[in-house]
Amino acid sequence: KMGSLNKRKNLLSAIKSIRGGSKQNQVRREPRRALPDLFLKCEGCKSVIDYKEFVEHLKICPECGYHMKMNGHERFEYLMDEGYEKISFGSELKDPISFPKYDEKRAKEEKKSGLNEAVSIVKGTIEGKPVLVAVLELQYMMGSLGTYVGEELTKMFEYAISNDLPVIVFSASGGARMQEGIFSLMQMAKTSAAIGKFQDAGLLYISVLTNPTTGGVSASFASLGDIIIAEPNALIGFAGPRVIEQTIKKKLPKGFQRAEKLEECGFVDIICERESQRRLIAKLLKHHVKIGAKYE
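Residues numbered from 1 in each chain as written. Predicted model: local features only at pLDDT ≥ 70, side-chain atom pairs only at ≥ 80, totals over all residues. Heavy atoms only, no water.

Next up on the list: the packing of aromatic side chains. In the structure shown here, the tally under the stated rule is 5 aromatic pairs. On the numbers, 5.7 Å between centres and 55° between planes, the contact of Phe89 with Tyr159 is tilted. On the criterion of sequence distance, the pair formed by Phe89 in the loop between β3 (85–87) and α5 (102–113) and Tyr159 in helix α6 (residues 147–163) is long-range, its members being 70 residues apart. Here the aromatic residues Phe157, Phe198 and Tyr205 are joined through ring pairs into a cluster of three or more. (Phe/Tyr/Trp six-rings, centres within 6.5 Å; stacked < 30°, edge-to-face > 60°. Helix = DSSP H or I, 4+ residues; strand = E, 2+ residues; numbered from the N terminus.)

Written out as structure tokens, the structure is:
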């Protein structure tokens, strides 16, 4: 028995040494570097897919075609020509209703995402055609529409009017930001008014709806594009399907609020896979050449 006990102690000691020893010794060790992800599970079909292949195919599942979420930098890299420039219009970060711990929340979101707010804007070209492109950043407070985002988008459309530039906006959002109360809802009217002036100037606005585009974003600038493109199976609507079912006490039909159903009903002009978006958008920009005061 003593021999077995000693063997067990020796085995435990060996395991501890392999894992870095006692907790006290582990604290003194240099932190291990995180290994890059080799595989991940598809959010759609739950298949385990190779991460490198997944990234090379623009975060589209090779098994089922499910389009997973992308950040602004990733979208700019596949869409824009080389040499694009990230721009900001200097909008102010505000806490209009003094929401409790709002500054702390922002600080955590910035640390987690590396972003100072929920929108990224670049100026550049797509196959040689100059354009402004904005992307709502889901990883920062679910891409929510607050005073900063509303102001940046408004100034972007005003800048585009002054410089005769078409605009593309990729929407991905949970809606208006609750931490800013009615001031976030005001951004719906503000951005819509700016787009009205932009379209009166004869300029082209392409709205791309990605998963999810909901709430105040879907009810304002996301729905006002001259041409509305959606990614496959994107959730698009104001209230979520679960909220609607609980309200009306009925089961919603299959595909309700998905891009394919909205295309069928005429709300979306075209559904375009991510791999084909650059080619499609470039073609639209080339066909919409400004003549006089209007695009024709």
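Now that the structure is up, let's keep going.
A few words now on unusual backbone geometry. Cis rather than trans, the peptide bond between Asn211 and Pro212 has omega equal to -5°. Relative to the helices and strands, Pro212 is located in strand β7 (residues 205–214). Positive phi, normally seen in glycine, also occurs at Ser98, with a value near 50°. Judged by its relative accessible area of 58%, Ser98 is exposed. At Met141, a residue that is not glycine, the phi angle is positive and equals roughly 45°. (Buried < 20%, exposed > 50% of the residue type's maximum accessible area, 1.4 Å probe, protein only.)

The first and last C-alpha atoms of helix α7 (residues 181–200) sit 30 Å apart over 20 residues, in line with the 28 Å expected at 1.5 Å per residue. Among the residues of α7, those classed as buried are Ser184, Gln187, Met188, Thr191, Ala194, Ile195 and Phe198. The buried residues of α7 occupy one face: seen down the axis, they fall within an arc of 145°. Facing away from the buried side of α7 by more than 90 degrees, the exposed set consists of Ile182, Ala189, Lys197 and Asp200. Contacts made by the buried residues of α7 are with α6, β6 (167–173), β7 and α8 (215–218). Gly202 lies just past α7 and shows a positive phi near 80°. (Expected span 1.5 Å × (residues − 1). Arc of directions from axis to C-beta. Contact = heavy atoms within 4.5 Å.)

Okay, the pairing of β6 next. In summary, the side chains of a regular strand alternate between the two faces of the sheet. In terms of burial, β6 is largely enclosed, as 7 of its 7 residues are buried. Residue alternation in β6 divides its side chains into two sets, Val167, Val169, Ser171 and Ser173 and Ile168, Phe170 and Ala172, and both sets are buried. Where β6 meets β7, 6 bridges bridge the pair, whose relative direction is parallel. Residue pairing for β7: Ser173 is matched across the bridge by Thr213. (Pairing = 2+ DSSP bridges.)

A full pass over the atoms with the stated rule returns 16 salt bridges. A salt bridge links Lys286 to Glu127; the nearest nitrogen and oxygen atoms lie 2.9 Å apart. On the criterion of sequence distance, the pair formed by Lys286 in helix α11 (residues 274–287) and Glu127 in the loop between β4 (119–126) and β5 (129–136) is long-range, its members being 159 residues apart. With a relative accessible area of 40%, Lys286 lands in the partly exposed category. (Salt bridge = Lys/Arg side-chain N within 4 Å of Asp/Glu carboxyl O.)

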